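# Tertiary structure, described
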Amino acid sequence: MMSSKVKEAYLDGERLAQALSFSQRRETLKQIVKAKDPILDVIGAKKENPLYFLPSMQEVLLKTLYEVLMPKAQRSGRNEILVPKGEQKKMVEILKSAGRLGLSVKEIEVDACGKVTKESLMAAISKRSLALFSSWTEEFTGVLHPVFEMANICSAEDLFLFIDATESAGKVFFRFQDLPIDILTFAHENLVAVAAKEELKGSTWGEDFCLKEYFALSAYAKEALEMMDTNPMQYSLIKNEIIDYVIEKDPSIVFFNGGGEYLFDRWCFAFEGLSAENLAYHLYDAGIITSYQGVSKVLENRKVDKALCACAVSLSFSSMTSKQALFQRWDMIIDIASKIKESSYA
C-alpha cells in the first residue's frame, strides 16, 4: 500500500508526464534529474554509476541472463548459477527457466538462522560457477545474508554478483559504490532501479519508463532515507520488548526471527498446534495480512521441526507504525489464536 507521500509523488509524476509546453517540459526535466538523487542515496551509489529503470524484476532478471551472463558463459564455459536455499520463489523460477540457455541453478546451504555463510558459499562454488543471485534478506524471516562477505568472495572467485536490495535499502546501511556487486536492484510498485558497476550493453536497458512510477520510486526512496537514522534501532528495541510480552501472555508461541540478524520489521512465528493456514485465514478476517505458503519450506531449510514449520506464518508491519499500535495488533493476534484453539477448528 502506498503511503500518502508516495501516492502524492505518483500523481505529480502523472501530471508531469502529460506536460505539453516547452517550459513545462524543461521543468519536468529538472524534476527528473532531482528525483534521481534519493534513489542513488538510499543504495549508496555514485552519480557516475550506471542506473537503469525497468518495469519489473522479471524483465531485469531475464535481461541479465540473456544479455549479460550468456556471453560470459559462452566465453568461459561456466554455466552454474548459485542461489541461497530459500531464495524468493519468483526469482528462482526465472533463473531455472534459463535451463533453455544451458544455465543451471545450484542452491547454497544456509545455517540455523537461515543465512548463507562463508563456508557454505565456498563449498557451493565449483569450476562451473558463473554467478550468484541473492536477495539481501530472505523474504519470510528477514534474515540478513552477509552480503559484504559474499561480495568479496565472489570478486575473488570471479563470480558475477546480483543482489536485490529492495527490502534492505533504508534498513541496513551499505554503499553500493564500495562493494564489488555487479548489479544491485531496488524496486517499488511497478518500477525497478538497476544500479550497475559497468554500463550494461544490450537491447533496451531502461531507455523508456513510466514517469509517474519513477517519481513514486523516488518518493519511496526519500521516505526510506528519512527513517534510516533512527527507526532501525528504535524498532529493534520495540520488537524485542513485544516478543517478551507476547511469550509471557501465550507461551505456546514461537518466534523464528528475534535478534539482530533479522530485519526489524519482519515477524515470523507459530502457535504450536495451530495450522498456519487456519491462523492466516482468521488473521486476514481481522485485517491482518500474513504469508504462510512457502514459510514452512524456508524454516525446514534451517532444520526446524516439521510439525512446527506447518504452523508458521510471516508478516511485516510498517516501520511507521507506533509502539502503541504494534502492541494493540499483537494483543489482537494473541486473542485470535486463543479463540481458534477454543473452537472446534483448532
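Just above, that's the structure.
Let me begin by describing the structure that accompanies this report. Treat the numbers as computed from the prediction; the structure is a model and nothing was measured.

This part takes up the overall build of the chain. Scanning the chain for helices and strands turns up twelve helices and ten strands. Taken over the C-alpha atoms alone, the chain extends approximately 65 × 55 × 35 Å along its principal axes. With 346 residues in all, the chain has 51% of them scored as buried. In the chain, 73% of the contacts between residues at least 6 apart in sequence involve partners at least 24 apart. When the accessible surface of the chain is totalled, it reaches about 17000 Å², and 51% of it is carbon and sulfur. Of note, the chain has its 41 positive side-chain charges centred 4 Å away from the centre of its 48 negative side-chain charges.

On to the state of the cysteines, then. For the structure shown, the criterion picks out zero disulfides. Free of any disulfide, C311 has its nearest neighbouring cysteine sulfur in C309, separated by 9.0 Å.

Next up on the list: the nonpolar core. Side chains of a nonpolar character, in soluble globular proteins, are inclined to be buried together. Within the largest apolar cluster, 45 residues are counted, with the highest numbers of intra-cluster contacts made by L121, W136, I181 and L184. Counting only elements with at least two residues in this core, the list comes to α2 (22-43), β1 (51-54), α5 (118-124), α6 (147-156), β5 (160-164), β6 (183-188), β7 (191-196) and α7 (211-228). The element best represented in this core is α7, accounting for six residues. Apart from the residues lying within four places of it in its own chain, the contact partners of I181 are V147, A151, L161, I163, F176 and K197. L54, M70, A98 and F162 belong to the second-largest nonpolar core, a separate cluster that totals 29 residues.

A word on the packing of helix α3 (residues 57-76) against helix α4 (residues 89-96). Contact geometry for α3 and α4: axes closest at 10 Å, N-to-C directions at 30°. Along this stretch, α3 crosses α4, giving a crossing that reads as right-handed. Where α3 abuts α4, its residues Q58, L61, L62 and L65 lie against M91, I94 and L95. Of the residues belonging to the contact of α3 with α4, the class tally is six nonpolar, one polar and no charged.

Along the chain, F271 turns up in strand β9 (residues 266-271). Judged by its relative accessible area of 0%, F271 is buried. Between the alpha carbons of F271 and A221 there is a distance of 35 Å; along the sequence they are 50 residues apart. Setting aside chain neighbours within four positions, we find F271 in contact with D250, S252, I253, L279, C311, I333, I334, A337 and K341.

Let us now look at the packing of aromatic side chains. One pass over the structure, following the stated rule, counts 18 aromatic pairs. Taking 5.9 Å as the distance between ring centres and 55° as the angle between the ring planes, the aromatic pair formed by Y52 and W205 counts as tilted. Of this pair, Y52 sits in strand β1 while W205 sits in the loop between β7 and α7, and the two are 153 residues apart along the sequence. One exposure class covers both Y52 and W205, and it is buried. An angle of 90° between the planes, with centres 6.1 Å apart, marks the rings of F269 and F271 as edge-to-face. Chaining the aromatic ring pairs together yields one cluster made of F255, W267, F269, F271, F317 and W330.

What counts and how
Residues numbered from 1 in each chain as written. Predicted model: local features only at pLDDT ≥ 70, side-chain atom pairs only at ≥ 80, totals over all residues. Heavy atoms only, no water. Helix = DSSP H or I, 4+ residues; strand = E, 2+ residues; numbered from the N terminus. Buried < 20%, exposed > 50% of the residue type's maximum accessible area, 1.4 Å probe, protein only. Contact = heavy atoms within 4.5 Å. Areas by Shrake-Rupley, 256 points an atom, 1.4 Å probe, with all protein chains shown as cover. Lys, Arg positive; Asp, Glu negative; His and termini not counted. Charge placed at Lys NZ, Arg CZ, Asp CG, Glu CD. Disulfide = S-S within 2.5 Å. Core = buried A, V, L, I, M, F, W, Y, C linked by side-chain atoms within 4.5 Å. Axes fitted to C-alpha atoms, helices over the stretch in contact; angles between N-to-C directions. Left-handed = near helix turned anticlockwise from the far one by under 90°. Nonpolar A, V, L, I, M, F, W, Y, C, P; charged D, E, K, R; others polar. Phe/Tyr/Trp six-rings, centres within 6.5 Å; stacked < 30°, edge-to-face > 60°.

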